[in-house]
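Next come the chains, spelled out residue by residue.
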Amino acid sequence: MSRSAIVIGAGLCGLVVAHELAAAGIAVVVLDKGRSPGGRLATRREGEARWDHGAQFLTARDPRFCSMVDGWLAEGVVAEWCRGFGGTSDGHPRLRGVPGMSAIGRRLARGLDVRTGTRVGSVATVDGPVPPGSEPIGSVAARPGERRWRVELDGVAGSEPAPGTGDAQGSARALEADAVVLTSPVPQSLALLDAGRVVLDEPDRAALERVSYDPCIAVLAELERTSALPPPGALEPGTGPIGWIADNLAKRVSPVPTATIHATARWSAERFERDRDESARELLRAAEPLLRSPVRGFRVHGWRYARPAVLHDGPVRIARGLPPLALAGDAFVAPRVEGAALSGLAAAAALLETLSSGRPS
Ligand SMILES: Cc1cc2nc3c(=O)[nH]c(=O)nc-3n(C[C@H](O)[C@H](O)[C@H](O)COP(=O)(O)OP(=O)(O)OC[C@H]3O[C@@H](n4cnc5c(N)ncnc54)[C@H](O)[C@@H]3O)c2cc1C
């Protein structure tokens, strides 16, 4: 049985995978380029102002995700926000992070070796002894004859380790482990494998290349006063460029009035490569009748891979003909928070089975 894994991405999927593998006795390290864990479960903070600028709420239907969410509810990591928007209720709870959506990632990262601010540049298979500057995860160094994974960190490949630091955490140029789980959006995962010259089996590659995502341009506005959005402080307008608009004060994310505005997928795709400030001003103009508050300032964020549009067929992909490699994420189940968690569970289960069956590399 192999004993170590590197999980790329500390979004919900990666964190769920890491918990499951760690619980099964696998040594796990999670790497993420972001400043904090959570991925698209993101809360931006500037001074007193706060914005949930990625996922706005979560819903739970599958019993496995419901039991995860029940634990978060009991701990106060999430709370019920509402049961519908625009004055309607469908009776189904929408949950928010407390105080913001990033609380979920922070909670799940606890007790795990999660290294944020760590951008992966390539993922490759190697054999032979672990070279200086590479950090072996778990017992991988004890079995140098087997093929395994090397994950090179971006910007440090080829550079010398800091004097006297050897391959200690924080200074390593690469990490090595028996298994890798890629939970970054699929096009980014494929690019990491290409950079490491990993040749995927043709059906694996074709299935992964079919996955696609819609982008989203998000405007984070600081308001002069509370918006005019009706309770619970959010709307899906349904016409025009705005797909979603929320008041973070009414949602109790921010102690001062702020609004998050998400453009529709189509509008975002048309303008994604254009001047962002111009797009933001256009969205703010469209939002005026809903906010009815002067805007003190704004930031704009582009989510290139906001929501999967074409999903992978199946909750995880275990690559054939390679050391244990799983690809997972919301695009493997459903374009929402719950989908990411369920894919994480499926990836961990499939990987544990692969590891214990000793499937050849
Ligand atoms: C604008 C927006 C609104 C949304 N609204 C909702 C909603 O209201 N309800 C809902 O249920 N869902 C919503 N979603 C979808 C939800 O956020 C996602 O389904 C879910 O968070 C995806 O989790 P994940 O772990 O699969 O991916 P991610 O959270 O994207 O995690 C992938 C991680 O990989 C990391 N990564 C990528 N490349 C590298 C690299 N080279 N090196 C290191 N790390 C890397 C990234 O930094 C990221 O943290 C929304 C998403 C967006 C963007």
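### Some words on the overall build of the chain
Thinking step 1. In terms of helices and strands, the chain carries eight helices and 19 strands.
Thinking step 2. Computed over its C-alpha atoms, the radius of gyration of the chain comes to 21 Å, within 12% of the 21 Å expected for a compact globule of 361 residues.
Thinking step 3. Expressed as a percentage of its 361 residues, the buried residues of the chain come to 50%.
Thinking step 4. Partitioning the contacts of the chain with sequence separation of at least 6, the portion at a separation of at least 24 is 72%.

### Looking at the domain arrangement of the chain
Thinking step 1. Examined at the domain level, the chain breaks down into domain 1 (4-42 + 109-211 + 311-357) and domain 2 (212-309).
Thinking step 2. Relative to domain 2, the C-alpha centre of domain 1 lies at a distance of 33 Å.

### Focus on the site of the ligand
Thinking step 1. Among the 39 residues in the neighbourhood of the ligand, the closest are listed as Gly9, Gly11, Gly39, Ser184 and Arg336.
Thinking step 2. Of all the elements in the fold, those that place two or more residues in the shell around the ligand are helix H1 (12-23), helix H4 (186-195), strand E13 (212-223), strand E17 (295-310) and helix H8 (337-357).
Thinking step 3. Classifying every residue of the shell around the ligand by side-chain character gives 19 nonpolar, 13 polar and seven charged.

### As for the nonpolar core
Thinking step 1. Ranked by internal contacts, the top residues of the largest apolar core, which has 79 residues, are Ile6, Val180 and Val181.
Thinking step 2. Sorting elements by how many residues they give to this core places H8 first, with eleven residues.
Thinking step 3. Setting aside anything within four residues of it in sequence, one finds Val180 in contact with Ala5, Ile6, Ile8, Val123, Trp149, Val151 and Leu325.
Thinking step 4. In terms of nonpolar packing, the next biggest core, distinct from the first, is built from 28 residues, Ile217, Val219, Tyr305 and Ala306 among them.

### What to know about the environment of Ala348
Thinking step 1. In this fold, Ala348 is placed in helix H8.
Thinking step 2. As for Ala348 and Cys66, which are separated by 282 residues in sequence, their C-alpha atoms are 18 Å apart.
Thinking step 3. The residues contacting Ala348, other than those within four sequence positions of it, are Val17, Glu20 and Leu21.

### Section: the packing of H1 against H8
Thinking step 1. Packing of H1 against H8 leaves a shortest axis separation of 8 Å and a crossing angle of 35 degrees. The way H1 lies across H8 gives a crossing that is right-handed. On H8, the residues touching Leu12, Cys13, Val16, Val17, Glu20 and Leu21 of H1 are Val337, Ala340, Ala341, Ser343, Gly344, Leu345, Ala347, Ala348 and Leu351.
Thinking step 2. Within the contact of H1 with H8, the residues separate by chemical class into twelve nonpolar, two polar and one charged.

### A short note on unusual backbone geometry
In most cases, non-glycine residues show a negative phi, while peptide bonds are predominantly trans.
Thinking step 1. The omega torsion across Val98 and Pro99 is 0 degrees, close enough to zero to call that bond cis.
Thinking step 2. In the segment running from Pro231 into Pro232, the intervening peptide bond is cis, with an omega of 5 degrees.
Thinking step 3. Looking at the secondary structure, you find Pro232 in the loop between E13 and strand E14 (234-235).
Thinking step 4. Despite not being glycine, Arg197 has its phi angle at roughly 55 degrees, a positive value.
Thinking step 5. Counting through the fold element by element, Arg197 comes out in the loop between H4 and helix H5 (202-209).
Thinking step 6. Given 10 C-beta atoms within a 10 Å radius, Arg197 is considered exposed.
Thinking step 7. Despite not being glycine, Arg252 shows a phi value in the positive range, around 70 degrees.
Thinking step 8. As for its placement among the helices and strands, Arg252 is situated in the loop between strand E15 (242-247) and strand E16 (258-263).
Thinking step 9. Arg252 gets classed as partly exposed once you count the C-beta atoms within 10 Å, which come to 16.

Scoring rules and cut-offs
- Residues numbered from 1 in each chain as written.
- Predicted model: local features only at pLDDT ≥ 70, side-chain atom pairs only at ≥ 80, totals over all residues.
- Helix = DSSP H or I, 4+ residues; strand = E, 2+ residues; numbered from the N terminus.
- Rg over C-alpha atoms; globule rule 2.2 N^0.38 Å.
- Buried ≥ 20, exposed ≤ 12 C-beta atoms within 10 Å, placed from the backbone.
- Contact = placed C-beta atoms within 7 Å.
- Domains from an automatic or database assignment.
- Near = placed C-beta within 6 Å.
- Nonpolar A, V, L, I, M, F, W, Y, C, P; charged D, E, K, R; others polar.
- Core = buried A, V, L, I, M, F, W, Y, C linked by C-beta atoms within 7 Å.
- Axes fitted to C-alpha atoms, helices over the stretch in contact; angles between N-to-C directions.
- Left-handed = near helix turned anticlockwise from the far one by under 90°.

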